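Remarks on the overall topology
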Number of protein chains: 2
Amino acid sequence: MKVALLGPEGTYTHEAALKYFGEFEPVWCETITEVFESNTEAKFVPVENSLGGEVRDTVDMLRKRNETVTGEVTLKINHCLISETNLEQIKTVKSHPQALSQCKEIIDENGWSSEKTSSTAKAVENLGKGEAALASETAAKINGLNILKKAIQDRDINTTRFFALNTEIEEKEKTALILEPGSDQPGLLHSMLSCFADQGINLSHIQSRPTKRKLGEYYFYVEAEISNDTDEFSNALNCLEDYARVKVLGSYSAGR
Amino acid sequence: MKVALLGPEGTYTHEAALKYFGEFEPVWCETITEVFESNTEAKFVPVENSLGGEVRDTVDMLRKRNETVTGEVTLKINHCLISETNLEQIKTVKSHPQALSQCKEIIDENGWSSEKTSSTAKAVENLGKGEAALASETAAKINGLNILKKAIQDRDINTTRFFALNTEIEEKEKTALILEPGSDQPGLLHSMLSCFADQGINLSHIQSRPTKRKLGEYYFYVEAEISNDTDEFSNALNCLEDYARVKVLGSYSAGR
(Lines give C-alpha, C1' and ligand atoms only; values in the text may rest on other atoms or scores of the structure.)
Protein backbone atom coordinates (compact mmCIF):
# COMPACT_ATOMS: atom_id res chain seq x y z
CA MET A 1 0.00 0.00 0.00
CA LYS A 2 1.19 3.52 -0.84
CA VAL A 3 1.29 5.90 2.14
CA ALA A 4 2.14 9.62 2.11
CA LEU A 5 4.22 10.72 5.11
CA LEU A 6 6.91 13.12 6.30
CA GLY A 7 10.37 12.24 5.05
CA PRO A 8 13.19 11.69 4.70
CA GLU A 9 13.59 7.95 5.18
CA GLY A 10 14.70 6.98 8.67
CA THR A 11 12.89 9.71 10.64
CA TYR A 12 10.78 8.83 13.66
CA THR A 13 7.64 9.28 11.53
CA HIS A 14 9.03 6.54 9.29
CA GLU A 15 9.68 4.35 12.33
CA ALA A 16 6.10 4.90 13.60
CA ALA A 17 4.62 4.11 10.17
CA LEU A 18 6.59 0.84 10.04
CA LYS A 19 5.18 0.00 13.48
CA TYR A 20 1.64 0.74 12.29
CA PHE A 21 1.60 -0.65 8.73
CA GLY A 22 4.40 -3.20 8.76
CA GLU A 23 5.34 -3.13 5.06
CA PHE A 24 4.23 -0.19 2.94
CA GLU A 25 5.33 1.87 -0.04
CA PRO A 26 6.36 5.33 1.25
CA VAL A 27 5.57 8.56 -0.62
CA TRP A 28 7.87 11.08 1.07
CA CYS A 29 6.66 14.64 1.63
CA GLU A 30 8.51 17.65 3.02
CA THR A 31 5.75 19.22 5.12
CA ILE A 32 2.54 18.15 6.85
CA THR A 33 0.59 20.33 4.41
CA GLU A 34 2.16 18.39 1.52
CA VAL A 35 1.11 15.09 3.12
CA PHE A 36 -2.50 16.31 3.35
CA GLU A 37 -2.44 17.59 -0.25
CA SER A 38 -0.86 14.40 -1.62
CA ASN A 39 -2.81 12.38 -4.19
CA THR A 40 -1.90 9.23 -2.28
CA GLU A 41 -5.05 8.18 -0.46
CA ALA A 42 -3.49 6.67 2.67
CA LYS A 43 -1.68 9.25 4.78
CA PHE A 44 0.24 9.14 8.06
CA VAL A 45 0.78 12.22 10.26
CA PRO A 46 1.97 13.12 13.79
CA VAL A 47 -0.85 14.60 15.90
CA GLU A 48 0.60 15.08 19.40
CA ASN A 49 3.89 14.98 21.28
CA SER A 50 4.28 14.54 25.04
CA LEU A 51 6.67 17.49 25.29
CA GLY A 52 5.47 19.95 22.63
CA GLY A 53 1.72 19.33 22.69
CA GLU A 54 -0.55 19.08 19.67
CA VAL A 55 0.93 19.27 16.17
CA ARG A 56 -0.77 22.45 15.01
CA ASP A 57 -0.45 21.88 11.26
CA THR A 58 -2.11 18.48 11.54
CA VAL A 59 -5.03 19.73 13.62
CA ASP A 60 -5.57 22.73 11.31
CA MET A 61 -5.43 20.51 8.19
CA LEU A 62 -7.89 18.00 9.70
CA ARG A 63 -10.29 20.92 10.07
CA LYS A 64 -9.65 22.24 6.54
CA ARG A 65 -9.53 19.08 4.43
CA ASN A 66 -11.83 16.06 4.22
CA GLU A 67 -9.69 13.16 5.37
CA THR A 68 -10.94 10.34 7.60
CA VAL A 69 -9.02 9.40 10.74
CA THR A 70 -8.88 5.61 10.73
CA GLY A 71 -5.98 4.57 12.96
CA GLU A 72 -3.73 5.69 15.81
CA VAL A 73 -0.28 4.66 16.97
CA THR A 74 2.11 6.00 19.62
CA LEU A 75 5.88 5.81 19.43
CA LYS A 76 8.38 6.34 22.21
CA ILE A 77 11.21 8.44 20.79
CA ASN A 78 14.42 6.51 21.49
CA HIS A 79 17.55 8.23 20.27
CA CYS A 80 20.35 5.82 19.29
CA LEU A 81 24.06 6.62 19.13
CA ILE A 82 25.01 5.57 15.58
CA SER A 83 28.51 5.35 14.15
CA GLU A 84 31.11 3.27 12.28
CA THR A 85 33.67 4.30 14.90
CA ASN A 86 34.13 2.83 18.41
CA LEU A 87 32.62 4.62 21.35
CA GLU A 88 36.11 5.68 22.53
CA GLN A 89 36.99 7.39 19.26
CA ILE A 90 33.93 9.62 19.01
CA LYS A 91 34.74 13.32 19.04
CA THR A 92 31.63 14.86 17.47
CA VAL A 93 27.91 14.00 17.48
CA LYS A 94 25.56 15.21 14.77
CA SER A 95 21.77 15.55 14.94
CA HIS A 96 18.72 17.78 14.80
CA PRO A 97 19.00 20.50 17.53
CA GLN A 98 16.02 19.02 19.42
CA ALA A 99 17.65 15.59 19.64
CA LEU A 100 20.97 17.14 20.70
CA SER A 101 19.25 19.00 23.52
CA GLN A 102 17.40 15.85 24.60
CA CYS A 103 20.71 13.94 24.92
CA LYS A 104 22.62 16.68 26.69
CA GLU A 105 23.81 14.50 29.61
CA ILE A 106 25.66 11.86 27.59
CA ILE A 107 27.17 14.54 25.34
CA ASP A 108 28.44 16.57 28.31
CA GLU A 109 29.74 13.51 30.21
CA ASN A 110 31.84 12.44 27.23
CA GLY A 111 32.93 15.94 26.28
CA TRP A 112 31.75 15.49 22.67
CA SER A 113 31.31 18.51 20.44
CA SER A 114 28.00 18.72 18.60
CA GLU A 115 26.97 19.66 15.09
CA LYS A 116 23.42 20.56 14.02
CA THR A 117 21.67 18.95 11.04
CA SER A 118 18.25 19.61 9.48
CA SER A 119 16.85 16.23 10.59
CA THR A 120 17.95 13.23 12.67
CA ALA A 121 17.89 11.11 9.48
CA LYS A 122 20.19 13.58 7.70
CA ALA A 123 22.77 13.27 10.51
CA VAL A 124 23.32 9.59 9.69
CA GLU A 125 24.04 10.12 5.99
CA ASN A 126 27.55 11.62 5.98
CA LEU A 127 29.46 10.49 9.02
CA GLY A 128 33.19 11.21 8.95
CA LYS A 129 35.98 9.77 11.11
CA GLY A 130 35.32 10.19 14.83
CA GLU A 131 31.72 11.21 14.19
CA ALA A 132 28.45 9.73 15.47
CA ALA A 133 24.79 10.56 14.86
CA LEU A 134 21.79 10.67 17.22
CA ALA A 135 18.88 9.17 15.30
CA SER A 136 16.33 6.35 15.11
CA GLU A 137 17.09 2.64 14.97
CA THR A 138 15.50 2.66 11.50
CA ALA A 139 17.99 5.28 10.28
CA ALA A 140 20.89 3.10 11.42
CA LYS A 141 19.49 0.04 9.63
CA ILE A 142 18.85 1.89 6.36
CA ASN A 143 22.40 3.24 6.28
CA GLY A 144 23.96 -0.06 7.41
CA LEU A 145 25.61 1.53 10.45
CA ASN A 146 26.21 0.27 13.99
CA ILE A 147 24.14 1.25 16.99
CA LEU A 148 26.61 1.85 19.83
CA LYS A 149 23.96 2.68 22.43
CA LYS A 150 20.15 2.73 22.50
CA ALA A 151 17.79 5.13 24.33
CA ILE A 152 20.45 7.68 25.27
CA GLN A 153 18.00 10.54 25.93
CA ASP A 154 18.14 12.27 29.34
CA ARG A 155 14.49 11.71 30.23
CA ASP A 156 12.19 8.95 29.08
CA ILE A 157 9.06 10.95 28.40
CA ASN A 158 9.28 11.77 24.74
CA THR A 159 6.35 10.04 23.01
CA THR A 160 4.62 11.01 19.78
CA ARG A 161 1.13 10.01 18.71
CA PHE A 162 0.33 9.53 15.01
CA PHE A 163 -2.84 9.18 12.91
CA ALA A 164 -3.38 7.00 9.86
CA LEU A 165 -5.86 8.58 7.43
CA ASN A 166 -8.15 6.86 4.90
CA THR A 167 -6.95 3.34 5.73
CA GLU A 168 -8.90 0.27 6.78
CA ILE A 169 -10.57 0.63 10.18
CA GLU A 170 -9.67 -2.08 12.69
CA GLU A 171 -11.91 -1.20 15.57
CA LYS A 172 -13.85 1.88 16.60
CA GLU A 173 -12.75 2.83 20.09
CA LYS A 174 -12.23 6.59 19.76
CA THR A 175 -13.75 9.33 17.61
CA ALA A 176 -12.09 12.60 16.61
CA LEU A 177 -14.18 15.67 15.83
CA ILE A 178 -14.02 19.40 15.16
CA LEU A 179 -16.48 21.74 16.92
CA GLU A 180 -16.87 25.12 15.27
CA PRO A 181 -19.09 27.45 17.36
CA GLY A 182 -21.12 29.89 15.27
CA SER A 183 -20.87 32.76 17.73
CA ASP A 184 -19.39 33.11 21.18
CA GLN A 185 -21.78 32.92 24.12
CA PRO A 186 -21.10 32.67 27.86
CA GLY A 187 -20.44 29.12 29.00
CA LEU A 188 -20.33 27.79 25.44
CA LEU A 189 -17.58 25.23 25.99
CA HIS A 190 -19.25 24.06 29.20
CA SER A 191 -22.53 23.54 27.31
CA MET A 192 -20.77 21.57 24.58
CA LEU A 193 -18.95 19.38 27.11
CA SER A 194 -22.31 18.73 28.83
CA CYS A 195 -23.42 17.03 25.59
CA PHE A 196 -20.69 14.43 26.13
CA ALA A 197 -21.00 14.23 29.93
CA ASP A 198 -24.79 13.67 29.74
CA GLN A 199 -24.15 10.58 27.61
CA GLY A 200 -21.35 9.34 29.88
CA ILE A 201 -18.76 9.87 27.14
CA ASN A 202 -15.22 10.60 28.31
CA LEU A 203 -12.92 12.89 26.32
CA SER A 204 -9.27 11.90 26.04
CA HIS A 205 -8.17 15.13 24.39
CA ILE A 206 -9.43 18.65 23.81
CA GLN A 207 -7.64 21.52 22.17
CA SER A 208 -8.71 25.04 21.25
CA ARG A 209 -7.21 26.50 18.09
CA PRO A 210 -7.62 29.96 16.53
CA THR A 211 -10.06 30.13 13.59
CA LYS A 212 -7.61 32.59 11.95
CA ARG A 213 -10.50 34.99 11.44
CA LYS A 214 -10.01 37.18 14.50
CA LEU A 215 -8.17 37.18 17.83
CA GLY A 216 -10.12 35.33 20.52
CA GLU A 217 -12.23 33.25 18.11
CA TYR A 218 -11.57 29.52 18.46
CA TYR A 219 -12.56 26.14 17.18
CA PHE A 220 -12.21 22.99 19.27
CA TYR A 221 -10.54 19.73 18.38
CA VAL A 222 -11.85 16.86 20.50
CA GLU A 223 -11.18 13.13 20.88
CA ALA A 224 -13.94 11.10 22.54
CA GLU A 225 -13.61 7.56 23.90
CA ILE A 226 -16.51 6.11 21.92
CA SER A 227 -17.37 4.77 18.46
CA ASN A 228 -19.35 6.97 16.08
CA ASP A 229 -21.74 3.99 15.53
CA THR A 230 -23.30 4.19 18.99
CA ASP A 231 -26.58 5.72 20.16
CA GLU A 232 -24.71 7.70 22.81
CA PHE A 233 -22.59 9.32 20.14
CA SER A 234 -25.65 10.17 18.00
CA ASN A 235 -27.32 11.75 21.03
CA ALA A 236 -24.22 13.79 21.82
CA LEU A 237 -24.03 14.89 18.18
CA ASN A 238 -27.66 16.07 18.21
CA CYS A 239 -26.96 18.06 21.36
CA LEU A 240 -23.73 19.57 20.00
CA GLU A 241 -25.42 20.81 16.85
CA ASP A 242 -27.32 23.35 18.94
CA TYR A 243 -24.01 25.08 19.70
CA ALA A 244 -21.61 24.44 16.84
CA ARG A 245 -21.02 23.10 13.37
CA VAL A 246 -19.67 19.59 13.96
CA LYS A 247 -17.28 17.73 11.68
CA VAL A 248 -16.76 14.07 12.58
CA LEU A 249 -13.24 13.14 11.51
CA GLY A 250 -13.60 9.39 11.98
CA SER A 251 -13.42 6.52 14.46
CA TYR A 252 -10.35 4.39 15.11
CA SER A 253 -8.79 1.93 17.53
CA ALA A 254 -6.77 3.42 20.38
CA GLY A 255 -3.03 3.25 19.67
CA ARG A 256 -0.90 0.93 21.82
CA MET B 1 10.83 51.68 34.73
CA LYS B 2 13.01 48.77 33.59
CA VAL B 3 11.14 46.08 31.61
CA ALA B 4 12.52 42.74 30.35
CA LEU B 5 11.24 41.81 26.88
CA LEU B 6 12.12 40.04 23.64
CA GLY B 7 14.55 41.97 21.48
CA PRO B 8 16.03 43.28 19.35
CA GLU B 9 14.86 46.87 19.35
CA GLY B 10 12.16 47.58 16.77
CA THR B 11 10.35 44.22 16.87
CA TYR B 12 6.57 44.06 17.25
CA THR B 13 7.04 43.12 20.91
CA HIS B 14 8.88 46.43 21.32
CA GLU B 15 6.03 48.24 19.53
CA ALA B 16 3.44 46.59 21.83
CA ALA B 17 5.45 47.47 24.96
CA LEU B 18 5.62 51.12 23.85
CA LYS B 19 1.84 51.04 23.41
CA TYR B 20 1.38 49.59 26.91
CA PHE B 21 4.01 51.43 28.97
CA GLY B 22 4.63 54.59 27.00
CA GLU B 23 8.22 55.30 28.07
CA PHE B 24 10.27 52.54 29.65
CA GLU B 25 13.84 51.30 29.92
CA PRO B 26 14.12 48.08 27.87
CA VAL B 27 16.16 45.07 29.01
CA TRP B 28 16.48 43.01 25.80
CA CYS B 29 16.33 39.22 26.00
CA GLU B 30 16.80 36.62 23.28
CA THR B 31 14.14 34.10 24.29
CA ILE B 32 10.90 34.03 26.28
CA THR B 33 12.62 31.80 28.85
CA GLU B 34 15.29 34.49 29.30
CA VAL B 35 12.58 37.12 29.86
CA PHE B 36 11.03 34.98 32.62
CA GLU B 37 14.43 34.32 34.22
CA SER B 38 15.49 37.96 34.07
CA ASN B 39 16.25 39.77 37.34
CA THR B 40 14.26 42.72 36.08
CA GLU B 41 10.97 42.61 37.97
CA ALA B 42 8.65 44.00 35.29
CA LYS B 43 8.38 41.72 32.26
CA PHE B 44 6.49 41.84 28.98
CA VAL B 45 5.67 38.71 26.93
CA PRO B 46 3.48 37.65 23.97
CA VAL B 47 0.75 35.20 25.04
CA GLU B 48 -1.39 34.58 21.96
CA ASN B 49 -1.48 35.27 18.23
CA SER B 50 -4.60 35.23 16.05
CA LEU B 51 -2.91 33.01 13.45
CA GLY B 52 -0.59 30.75 15.46
CA GLY B 53 -2.57 30.34 18.68
CA GLU B 54 -1.13 30.44 22.18
CA VAL B 55 2.56 31.16 22.70
CA ARG B 56 3.58 27.85 24.26
CA ASP B 57 6.75 29.02 26.00
CA THR B 58 4.84 31.80 27.76
CA VAL B 59 2.04 29.53 28.98
CA ASP B 60 4.54 26.88 30.17
CA MET B 61 6.64 29.50 31.98
CA LEU B 62 3.58 31.03 33.66
CA ARG B 63 2.91 27.56 35.08
CA LYS B 64 6.53 26.99 36.12
CA ARG B 65 7.54 30.37 37.60
CA ASN B 66 5.87 32.66 40.10
CA GLU B 67 5.14 35.81 38.15
CA THR B 68 1.94 37.84 38.48
CA VAL B 69 -0.05 38.77 35.39
CA THR B 70 -0.97 42.42 35.86
CA GLY B 71 -1.78 43.85 32.43
CA GLU B 72 -2.82 42.94 28.89
CA VAL B 73 -2.46 44.67 25.53
CA THR B 74 -3.24 43.62 21.96
CA LEU B 75 -1.36 44.82 18.90
CA LYS B 76 -2.43 44.56 15.27
CA ILE B 77 0.64 43.52 13.30
CA ASN B 78 1.04 46.11 10.53
CA HIS B 79 3.96 45.47 8.22
CA CYS B 80 5.46 48.65 6.73
CA LEU B 81 7.53 48.90 3.56
CA ILE B 82 10.70 50.65 4.73
CA SER B 83 13.49 52.01 2.53
CA GLU B 84 15.75 54.93 1.62
CA THR B 85 14.95 54.27 -2.04
CA ASN B 86 11.84 55.31 -3.98
CA LEU B 87 9.11 52.75 -4.51
CA GLU B 88 9.99 52.54 -8.22
CA GLN B 89 13.62 51.61 -7.55
CA ILE B 90 12.97 48.69 -5.20
CA LYS B 91 14.27 45.38 -6.51
CA THR B 92 14.57 43.30 -3.30
CA VAL B 93 12.60 43.13 -0.04
CA LYS B 94 14.13 41.73 3.15
CA SER B 95 12.32 40.38 6.21
CA HIS B 96 11.58 37.46 8.50
CA PRO B 97 10.12 34.54 6.44
CA GLN B 98 6.74 34.89 8.23
CA ALA B 99 6.44 38.57 7.28
CA LEU B 100 7.49 37.84 3.69
CA SER B 101 4.77 35.20 3.39
CA GLN B 102 2.19 37.56 4.92
CA CYS B 103 2.96 40.20 2.27
CA LYS B 104 3.04 37.84 -0.71
CA GLU B 105 0.55 39.83 -2.83
CA ILE B 106 2.44 43.14 -2.94
CA ILE B 107 5.75 41.30 -3.51
CA ASP B 108 4.34 39.30 -6.43
CA GLU B 109 2.53 42.28 -8.00
CA ASN B 110 5.76 44.28 -8.10
CA GLY B 111 7.98 41.36 -9.07
CA TRP B 112 10.36 42.00 -6.16
CA SER B 113 12.81 39.33 -5.13
CA SER B 114 12.91 38.50 -1.44
CA GLU B 115 15.65 37.83 1.09
CA LYS B 116 15.15 36.19 4.49
CA THR B 117 16.45 37.68 7.75
CA SER B 118 16.35 36.37 11.34
CA SER B 119 13.89 39.05 12.51
CA THR B 120 11.88 41.90 10.99
CA ALA B 121 14.00 44.36 12.99
CA LYS B 122 17.21 42.86 11.56
CA ALA B 123 15.94 43.45 8.00
CA VAL B 124 15.96 47.22 8.53
CA GLU B 125 19.56 47.44 9.73
CA ASN B 126 21.57 46.96 6.54
CA LEU B 127 19.60 48.12 3.53
CA GLY B 128 21.57 48.43 0.31
CA LYS B 129 20.68 50.22 -2.92
CA GLY B 130 17.32 49.10 -4.34
CA GLU B 131 16.46 47.27 -1.11
CA ALA B 132 13.47 47.63 1.22
CA ALA B 133 12.50 45.95 4.50
CA LEU B 134 9.15 44.70 5.82
CA ALA B 135 9.02 45.64 9.49
CA SER B 136 7.29 47.68 12.19
CA GLU B 137 6.80 51.44 12.21
CA THR B 138 9.01 51.51 15.32
CA ALA B 139 11.88 49.84 13.43
CA ALA B 140 11.69 52.53 10.72
CA LYS B 141 11.76 55.33 13.31
CA ILE B 142 14.71 53.86 15.22
CA ASN B 143 16.77 53.54 12.05
CA GLY B 144 15.70 56.92 10.67
CA LEU B 145 14.29 55.42 7.48
CA ASN B 146 11.26 56.26 5.36
CA ILE B 147 8.00 54.35 5.44
CA LEU B 148 6.89 54.02 1.81
CA LYS B 149 3.68 52.15 2.59
CA LYS B 150 1.86 51.08 5.75
CA ALA B 151 -0.16 47.89 6.44
CA ILE B 152 0.93 46.06 3.31
CA GLN B 153 -0.03 42.55 4.58
CA ASP B 154 -2.41 40.46 2.45
CA ARG B 155 -5.00 39.91 5.18
CA ASP B 156 -5.79 42.07 8.16
CA ILE B 157 -6.15 39.40 10.84
CA ASN B 158 -2.73 39.24 12.40
CA THR B 159 -3.08 40.38 16.01
CA THR B 160 -0.92 39.48 18.99
CA ARG B 161 -1.89 39.67 22.64
CA PHE B 162 0.74 40.48 25.28
CA PHE B 163 0.94 40.27 29.08
CA ALA B 164 2.71 42.66 31.44
CA LEU B 165 4.02 40.87 34.55
CA ASN B 166 4.63 42.28 38.04
CA THR B 167 3.60 45.83 37.13
CA GLU B 168 0.99 48.10 38.69
CA ILE B 169 -2.56 46.80 38.32
CA GLU B 170 -4.97 49.26 36.69
CA GLU B 171 -8.23 47.41 36.96
CA LYS B 172 -9.21 43.81 37.61
CA GLU B 173 -11.40 42.66 34.73
CA LYS B 174 -9.93 39.28 33.89
CA THR B 175 -8.10 36.57 35.87
CA ALA B 176 -5.63 34.04 34.48
CA LEU B 177 -5.15 30.68 36.18
CA ILE B 178 -3.55 27.25 35.83
CA LEU B 179 -5.56 24.12 36.65
CA GLU B 180 -3.47 21.04 37.31
CA PRO B 181 -5.65 17.94 37.76
CA GLY B 182 -4.18 15.37 40.16
CA SER B 183 -5.40 12.34 38.25
CA ASP B 184 -7.54 11.89 35.18
CA GLN B 185 -11.19 11.01 35.74
CA PRO B 186 -14.10 10.88 33.29
CA GLY B 187 -15.69 14.25 32.67
CA LEU B 188 -12.98 16.08 34.60
CA LEU B 189 -12.83 19.16 32.38
CA HIS B 190 -16.62 19.36 32.31
CA SER B 191 -16.70 19.28 36.13
CA MET B 192 -14.09 22.03 36.35
CA LEU B 193 -15.94 24.21 33.85
CA SER B 194 -19.11 23.70 35.89
CA CYS B 195 -17.36 25.50 38.76
CA PHE B 196 -17.21 28.61 36.56
CA ALA B 197 -20.63 28.15 34.91
CA ASP B 198 -22.38 27.72 38.29
CA GLN B 199 -21.08 31.16 39.32
CA GLY B 200 -22.01 32.74 35.96
CA ILE B 201 -18.35 33.33 35.11
CA ASN B 202 -17.49 33.38 31.41
CA LEU B 203 -14.14 32.10 30.14
CA SER B 204 -12.46 34.04 27.36
CA HIS B 205 -9.70 31.49 26.78
CA ILE B 206 -8.88 27.89 27.61
CA GLN B 207 -5.92 25.87 26.53
CA SER B 208 -4.72 22.37 27.36
CA ARG B 209 -0.96 21.83 27.50
CA PRO B 210 1.07 18.67 28.13
CA THR B 211 2.44 18.31 31.68
CA LYS B 212 5.62 16.86 30.08
CA ARG B 213 5.33 13.90 32.42
CA LYS B 214 3.55 11.49 30.09
CA LEU B 215 1.59 11.47 26.84
CA GLY B 216 -2.07 12.30 27.38
CA GLU B 217 -1.57 14.11 30.71
CA TYR B 218 -2.53 17.77 30.53
CA TYR B 219 -2.81 20.92 32.54
CA PHE B 220 -5.23 23.71 31.65
CA TYR B 221 -4.54 27.40 31.18
CA VAL B 222 -7.70 29.46 31.64
CA GLU B 223 -8.67 33.13 31.44
CA ALA B 224 -11.90 34.10 33.22
CA GLU B 225 -13.80 37.36 32.79
CA ILE B 226 -13.87 38.27 36.48
CA SER B 227 -11.69 39.85 39.18
CA ASN B 228 -10.03 37.56 41.74
CA ASP B 229 -11.45 39.87 44.48
CA THR B 230 -15.06 38.77 44.01
CA ASP B 231 -17.18 36.26 45.94
CA GLU B 232 -18.03 34.48 42.69
CA PHE B 233 -14.36 33.88 42.02
CA SER B 234 -13.78 32.59 45.58
CA ASN B 235 -16.70 30.20 45.20
CA ALA B 236 -15.39 28.95 41.85
CA LEU B 237 -11.94 28.48 43.42
CA ASN B 238 -13.37 26.39 46.28
CA CYS B 239 -15.17 24.23 43.77
CA LEU B 240 -12.11 23.84 41.50
CA GLU B 241 -9.92 22.67 44.38
CA ASP B 242 -11.93 19.44 44.51
CA TYR B 243 -10.56 18.54 41.09
CA ALA B 244 -7.19 20.22 40.61
CA ARG B 245 -4.34 22.17 42.09
CA VAL B 246 -5.12 25.78 41.20
CA LYS B 247 -2.56 28.52 40.63
CA VAL B 248 -4.03 32.01 40.27
CA LEU B 249 -1.70 33.98 37.99
CA GLY B 250 -3.25 37.38 38.62
CA SER B 251 -6.00 39.81 37.63
CA TYR B 252 -5.68 42.55 35.03
CA SER B 253 -7.62 44.93 32.86
CA ALA B 254 -8.70 43.61 29.45
CA GLY B 255 -6.40 44.87 26.70
CA ARG B 256 -7.80 47.36 24.17
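Only a predicted model underlies this, so the values are computations on that prediction, with no experimental measurement involved.

With that settled, consider the packing of helix α8 (residues 188–197) of chain A against helix α8 (residues 188–197) of chain B. Where α8(A) meets α8(B), the closest approach of the two axes is 9 Å, and the angle between their N-to-C directions is 140°. By the angle class used here, α8(A) and α8(B) are oblique. The hand of the α8(A)/α8(B) crossing is left-handed. Residue-level inspection shows Leu189(A), His190(A), Leu193(A), Ser194(A) and Ala197(A) of α8(A) in contact with α8(B), the latter providing Leu189(B), His190(B), Leu193(B), Ser194(B) and Ala197(B). For the contact of α8(A) with α8(B), the residue count by class is six nonpolar, four polar and no charged.

What follows concerns the relation of the copies chain A and chain B. Look at the two chain copies: a rotation about an axis and a shift along it is all it takes to match them. Take chain A, turn it by 180°, move it 0.0 Å along the axis, and it overlays chain B with an RMSD of 0.0 Å. Taken together, the turn and the small shift mark the pair as related by a two-fold rotation axis. Residue by residue, 100% of the interface of chain A is reproduced at the interface of chain B, so both copies engage with the same surface.

Right, let's get into the pattern of salt bridges. Residue and element names in this part refer to chain A. Applying the stated criterion across every chain, the model contains 37 salt bridges over all chains. Of the charged contacts, one joins Lys-76 and Asp-156 as a salt bridge, the two residues approaching to 3.1 Å between their closest N and O atoms. Here Lys-76, found in strand β5 (residues 69–76), pairs with Asp-156, found in the loop between β10 (146–149) and β11 (159–165); they are 80 residues apart in sequence, far enough to count as distant. Taken together, the salt bridges that share partners define one network made up of Glu-48, Glu-72, Arg-161, Lys-174 and Glu-223.

Once that is clear, we can look at the domain arrangement of chain A. Residues and elements named next belong to chain A. Entries for chain A in the domain assignment read domain 1 (2–76 + 158–165), domain 2 (80–149) and domain 3 (174–252). Of the roughly 1400 Å² buried between domain 1 and domain 3 on both sides combined, carbon and sulfur atoms contribute 47%. As a salt-bridge pair, Glu-72 and Lys-174 come within 2.9 Å of each other at their nearest N and O atoms. Where domain 1 meets domain 3, there are twelve residue pairs in polar contact (both at pLDDT 80 or more). Of all elements in the fold, only β3 (42–49), α3 (56–64), β5 and β11 reach the threshold of two or more residues within the side of domain 1 that touches domain 3. Considering each element in turn, the side of domain 1 that touches domain 3 owes the most residues, six residues, to α3. In terms of residue class, the side of domain 1 that touches domain 3 is built from five nonpolar, four polar and ten charged.

Attention now moves to the packing of α8(B) against helix α9 (residues 231–240) of chain B. To characterise two packed helices, one gives the angle between the axes of the helices and the distance between these axes. Residue and element names in this part refer to chain B. It is at 8 Å that the axes of α8 and α9 come closest, and there the two elements cross at 160°. By the criterion of interaxial angle, the relationship of α8 to α9 is roughly antiparallel. Read as a crossing pair, α8 and α9 show a hand that is right-handed. Contacts from Met-192, Cys-195 and Phe-196 in α8 reach Ala-236, Cys-239 and Leu-240 in α9. Looking at side-chain class alone, the contact of α8 with α9 contains six nonpolar, no polar and no charged residues.

What follows deals with the state of the cysteines. All names here are of chain A. Following the criterion strictly, the structure yields two disulfides over all chains and no others. Two residues, Cys-195 and Cys-239, share a disulfide whose sulfurs are 2.0 Å apart. In this structure, the disulfide formed by Cys-195 and Cys-239 twists by about -70° around the S-S bond and is classed as left-handed. Separated by 44 residues along the polypeptide, Cys-195 in helix α8 and Cys-239 in helix α9 (residues 231–240) bring together distant segments of the chain. Take Cys-239: its relative accessible area is 25%, and that puts it in the partly exposed class.

Each value, and the rule that gives it
- Residues numbered from 1 in each chain as written.
- Chains lettered and ligands numbered in written order.
- Predicted model: local features only at pLDDT ≥ 70, side-chain atom pairs only at ≥ 80, totals over all residues.
- Heavy atoms only, no water.
- Axes fitted to C-alpha atoms, helices over the stretch in contact; angles between N-to-C directions.
- Helix = DSSP H or I, 4+ residues; strand = E, 2+ residues; numbered from the N terminus.
- Parallel < 35°, antiparallel > 145°, perpendicular 65-115°, else oblique.
- Left-handed = near helix turned anticlockwise from the far one by under 90°.
- Contact = heavy atoms within 4.5 Å.
- Nonpolar A, V, L, I, M, F, W, Y, C, P; charged D, E, K, R; others polar.
- Least-squares fit on C-alpha atoms with pLDDT ≥ 70 in both.
- Salt bridge = Lys/Arg side-chain N within 4 Å of Asp/Glu carboxyl O.
- Domains from an automatic or database assignment.
- Buried area = accessible area lost by both parts, 1.4 Å probe.
- Polar contact = N/O pair within 3.5 Å; in protein donor to acceptor, adjacent residues only side chain to side chain.
- Disulfide = S-S within 2.5 Å.
- Buried < 20%, exposed > 50% of the residue type's maximum accessible area, 1.4 Å probe, protein only.

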